[in-house]
Amino acid sequence: MSSAVQVWNPDDWELFALTLLQGRHGPLHVQKIPAAHKGDYGIDYYCTKDVVAYQCYAVEEPIDISARAERQKKKITTDLGKLIKNHVEVSKLFHGVPIRHWVLIAPLHDSKELNLHCAKKTKDLRAAGCASFDAMVEVIIQDPRDFPNDAVAMGMSALSKVTLSIPTPSQSELATWAAGSSDLLANATQKLRKRAPADKLDDVVGEAVKSFLQGNALLDALRSGSPDLHEKVMSAVRSRARRLEFAGPRPGESAGEILHAELDALIAAMQAAAPSLSAENAEQIAYGSICEWIMRCPLDFPNVQ
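If you're wondering where the values come from, they're calculated on a predicted model, not measured in any experiment.

Draft legend 1. Looking closely at the pattern of salt bridges. One pass over the structure, following the stated rule, counts 17 salt bridges. Salt-bridge contacts for Asp50 lead to Lys49; the nearest nitrogen and oxygen are separated by 3.2 Å. Overall, Asp50 belongs to the partly exposed group, its relative accessible area being 30%. Close ionic contact of Arg145 with Asp143 constitutes a salt bridge, the shortest N to O distance being 2.5 Å.

Draft legend 2. How the structure looks around the nonpolar core. Counting 68 residues, the largest nonpolar core has Val233, Met270 and Trp293 as its most contacted members. Here the element with the most residues in this core is helix 8 (residues 201–225); it accounts for 11 residues. Residues contacting Trp293, with those up to four places away along its chain left out, are Lys191, Val237, Arg240, Ala241, Leu244, Glu262, Leu266, Pro298 and Leu299. Counting residues in each nonpolar core, the second largest holds 23 residues, with Tyr46, Ile99, Leu104 and Ile141 among its members.

Draft legend 3. Just helix 11 (residues 279–296), in detail. When the terminal C-alpha atoms of helix 11 are compared, their 25 Å separation across 18 residues agrees well with the 26 Å that a helix rising 1.5 Å per residue should span. What helix 11 keeps buried is the set Asn281, Ala282, Gln284, Ile285, Ala286, Gly288, Ser289, Ile290, Cys291, Trp293, Ile294 and Met295. The inward-facing, buried residues of helix 11 abut strand 7 (164–165), helix 6 (171–180), helix 7 (182–192), helix 8, helix 9 (227–247) and helix 10 (255–273).

Draft legend 4. Looking closely at the side chain of Ser211. By the secondary structure assignment, Ser211 is in helix 8. A residue is classified by how much of its surface remains accessible, and Ser211, at 17% relative accessible area, is buried. The residues contacting Ser211, other than those within four sequence positions of it, are Gln284, Tyr287, Gly288 and Cys291.

Draft legend 5. Fine view of the sheet that holds strand 6 (residues 133–142). If you trace the 5 strands from one edge of the open sheet to the other, you get 2-3-4-5-6, paired in mixed fashion. Looking at the sheet topology across the chains shown, the edges are occupied by strand 2 (31–32) and strand 6. Sheet topology note: the strand 4 (residues 52–56)/strand 5 (residues 99–105) ladder contains 5 bridges and is parallel. Counterpart to Val52 in the pairing with strand 5 is His101.

Cut-off values and rules
Residues numbered from 1 in each chain as written. Predicted model: local features only at pLDDT ≥ 70, side-chain atom pairs only at ≥ 80, totals over all residues. Heavy atoms only, no water. Salt bridge = Lys/Arg side-chain N within 4 Å of Asp/Glu carboxyl O. Buried < 20%, exposed > 50% of the residue type's maximum accessible area, 1.4 Å probe, protein only. Core = buried A, V, L, I, M, F, W, Y, C linked by side-chain atoms within 4.5 Å. Helix = DSSP H or I, 4+ residues; strand = E, 2+ residues; numbered from the N terminus. Contact = heavy atoms within 4.5 Å. Expected span 1.5 Å × (residues − 1). Pairing = 2+ DSSP bridges.

This is a description of form; function is not addressed.
Here it is in structure tokens:
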């Protein structure tokens with residue numbers, strides 16, 4: 001299944017990028033250019049020690065690869081234009097030492113078109129003939145995968161809110177899962193028959209499988225991108241699962257009442273344990289976890305009378 005994508009607002013992305021750059025260059029070697037007064041020269045952060053300039057840019061997700069690449073290329077072109085236009089002032093920032101690298105820091109670099117565009121803009125920047133740029137100056141794009149995992153985890157843990165966007169599983173992904181998980185599918189069908197009318201059962205089971213796959217994809221993304229947050233979320237999920245396995249759902253309730261109660265309890269537990277996880281993601285993980293309990297664990301419902 002396609003991976004989850006972190007949804008960034010520009011301010012959070014700049015702060016997160018600062019954490020990465022301080023880990024790379026050292027806290028005292030990274031300086032910020034505020035854009036509020038007369039623009040930013042096409043630079044958000046810079047390091048005079050390593051003579052490198054950085055610009056931060058996060059597109060609004062979710063978006064497809066080609067559209068993301070086009071927006072990133074446009075950002076590179078626009079900001080390098082600012083850099084060339086203001087090269088005299090930029091040179092003063094670097095104490096007259098020619099810039100060796102200009103780097104676009106983006107949450108995701110997933111198109112070779114960006115590499116080709118960076119190569120073209122490198123050629124243009126070298127041809128500009130400005131003393132502010134090293135003769136071998138290079139334009140590149142980087143994302144968090146170009147930084148150590150501990151620096152990424154530290155940046156994620158500092159965020160006030162984490163929001164991930166997860167795509168809906170495709171029909172081929174659903175079919176592949178169903179072909180290899182017939183027992184789990186049979187469990188879900190048997191139990192959800194007590195919740196859904198016969199003419200809606202296939203749709204309800206299909207939605208349960210989608211929720212299960214999406215919840216797992218979100219947890220995988222948290223595990224790799226924010227281990228601390230992942231552990232807090234999983235602690236809440238495991239705690240609710242142990243209670244359910246030991247005591248079962250409350251007796252005397254209908255399937256709908258049981259599902260409402262378990263969803264509300266699990267969402268509340270995750271939000272208490274991991275307040276920086278967005279409400280939307282907490283709900284998605286809760287749906288996925290409860291669908292897994294229906295498939296694998298003793299979450300069952302009273303027989304329909």
